[in-house]
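Structure assessment
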Amino acid sequence: MLGKTHALSGAMMFGVLAVPAAPVAHLSLPELALGTVVCAGAAMLPDIDHRESHVARTLGPLSRGLACAVAWVAGGHRRGVHSLVGVAVVALLAFLGAALRSGSTSWAVAGIALAAVLAGSGLLAGMAWPGDRRRGRRVYPERWHGPAAAGVFGVVALALAVGAAVDPHATGTGVLAVLLVLTLASAARVFHIRRWTRLRTEVDDLLPIPVTFVLLVGDTNLRVVPFAVVLGVIVHIAGDMATVGGCPLGWPWSLTARGPRAFRTNSPIERGPVTWACMVIFAVTVFWNSGIANAITRHG
Ligand SMILES: [Zn+2]
């Protein structure tokens, strides 16, 4: 699926879920706007496991280096990050970051969550080799690769646990900052704002950094961010499942590509009916959520 289709479907799904959620959670218009943009960006986030993807190209060597590291740990493109394990890791990072930042969660919870990650990484180390042996496919190309990847995973989790113990607010803010910069940069990149420096840096690559800074330093309510990030990642995986390649949801235990696998990336079906359907539904939800629909009904 193309980056812009992913972004559009992410924005659409946030709008759809906000129809019942906004009145219950009393979401304000700025929160709805922030959630839409973050969800659109997060709907491109899982392709951080591909070095040529939108998200990997946003911050030059920094994001490309991150993409290479993620691909190495996740066993390649459309593997670990495009699975239920990938969703769980992103959900843990997003909600843990938000909880640590707000100080609403004691660190016992944070510690237990991180211990779960550590245990999970140990589980991965044990399970990752030799993968789907019956079909002659492997989770990792080499025998040492699985345990080494689980080790990297464990070191990152340990660093987060130490950070959470020493300075929960700073650690939570740092985790949210990384997620926000990557998702906002991905969302902005869809619009291809022209480059403005000789450093081959696009305006949209740098813009998310001051925006994220303002969001984190200011008084903005960011409670919608973790939900939008996780929803975006789920929408991305669902979108890839609809394309011919499918997604290995059961990674690392199963490498079978799941999903309806109905059309090819950039096919006339994706550029035509799929894009148009997403646009129409998105427009309806924007209309509805911004209260115009209610106002019109009231004033009849
Ligand atoms: Zn993908």
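What you see is a predicted model, and the numbers here were worked out from it, not measured in a lab.

**Section: the pattern of salt bridges**
- Overall, the coordinates contain four salt bridges when judged by the stated rule.
- Taking the shortest distance from any N to any O, the salt bridge between arginine 64 and glutamate 52 comes out at 3.1 Å. Taken together, the residues span a long stretch of sequence, with arginine 64 in helix H3 (residues 60-74) and glutamate 52 in the loop between helix H2 (29-42) and H3 at a distance of 12 residues.
- With a relative accessible area of 26%, arginine 64 lands in the partly exposed category.
- Linked by salt bridges that have partners in common, Arg51, Glu52 and Arg64 make up one network.

**Things to note about the packing of helix H4 (residues 84-102) against helix H7 (residues 168-189)**
- Following both chains from N to C, one finds H4 and H7 inclined at 140°, their axes separated by 7 Å at the closest point. The orientation of H4 relative to H7 falls into the category oblique. The chirality of how H4 crosses H7 is left-handed. The segment H4 lies against H7, with Leu93, Ala94, Gly97, Ala98, Leu100 and Arg101 engaging Pro168, His169, Thr171, Gly172, Thr173, Val175, Leu176 and Leu179.
- Its residues assigned to classes, the contact of H4 with H7 comprises eight nonpolar, five polar and one charged.

**A short note on the coordination of the zinc ion**
- Here the zinc ion is held by the protein donor atoms Asp47 (OD), His82 (NE2), His236 (NE2) and Asp240 (OD), which lie 2.0 to 2.2 Å from it.
- Taken in chain order, the donor set of the zinc ion reads D-x34-H-x153-H-x3-D. Residue histidine 82 is located in the loop between H3 and H4, and its partner aspartate 240 is located in helix H10 (residues 224-242); the two are separated by 158 residues in the primary sequence.
- For histidine 82, a relative accessible area of 0% gives the class buried.

**A few points about a nonpolar patch on the surface**
- A cluster of nonpolar side chains, namely Trp72, Trp144, Val152 and Val156, defines an oily patch on the protein surface of about 390 Å² accessible area.
- Tracing the backbone shows valine 152 in helix H6 (residues 145-166).
- Here valine 152 falls in the partly exposed class, since its relative accessible area comes to 38%.

**Things to note about the confidence of the model for the protein**
- Averaged over the protein, the pLDDT score is 84; the fraction of residues at 70 or greater is 82%.
- Ranking the elements of the protein by mean pLDDT puts helix H12 (residues 292-299) last with 55 and H10 first with 96.

**Things to note about the packing of H2 against H10**
- H10 packs onto H2 with a crossing angle of 35° between their chain directions and a minimal axis gap of 7 Å. Judged by the twist between their axes, the crossing of H2 over H10 is right-handed. On H10, the residues that touch Glu31, Leu34, Gly35, Val38, Cys39 and Ala42 of H2 are Val224, Val225, Ala228, Val229, Leu231, Gly232 and Val233.
- For the contact of H2 with H10, the class distribution of residues is 10 nonpolar, two polar and one charged.

What counts as what
- Residues numbered from 1 in each chain as written.
- Predicted model: local features only at pLDDT ≥ 70, side-chain atom pairs only at ≥ 80, totals over all residues.
- Heavy atoms only, no water.
- Salt bridge = Lys/Arg side-chain N within 4 Å of Asp/Glu carboxyl O.
- Helix = DSSP H or I, 4+ residues; strand = E, 2+ residues; numbered from the N terminus.
- Buried < 20%, exposed > 50% of the residue type's maximum accessible area, 1.4 Å probe, protein only.
- Axes fitted to C-alpha atoms, helices over the stretch in contact; angles between N-to-C directions.
- Parallel < 35°, antiparallel > 145°, perpendicular 65-115°, else oblique.
- Left-handed = near helix turned anticlockwise from the far one by under 90°.
- Contact = heavy atoms within 4.5 Å.
- Nonpolar A, V, L, I, M, F, W, Y, C, P; charged D, E, K, R; others polar.
- Donors = N, O, S within 2.8 Å, 3.2 Å for Na, K, Ca; no water.
- Patch = residues over 30% accessible without salt bridge, like charges linked within 9 Å, V, L, I, M, F, W, Y side chains within 5 Å.
- Areas by Shrake-Rupley, 256 points an atom, 1.4 Å probe, with all protein chains shown as cover.
- pLDDT = per-residue confidence, 0-100.

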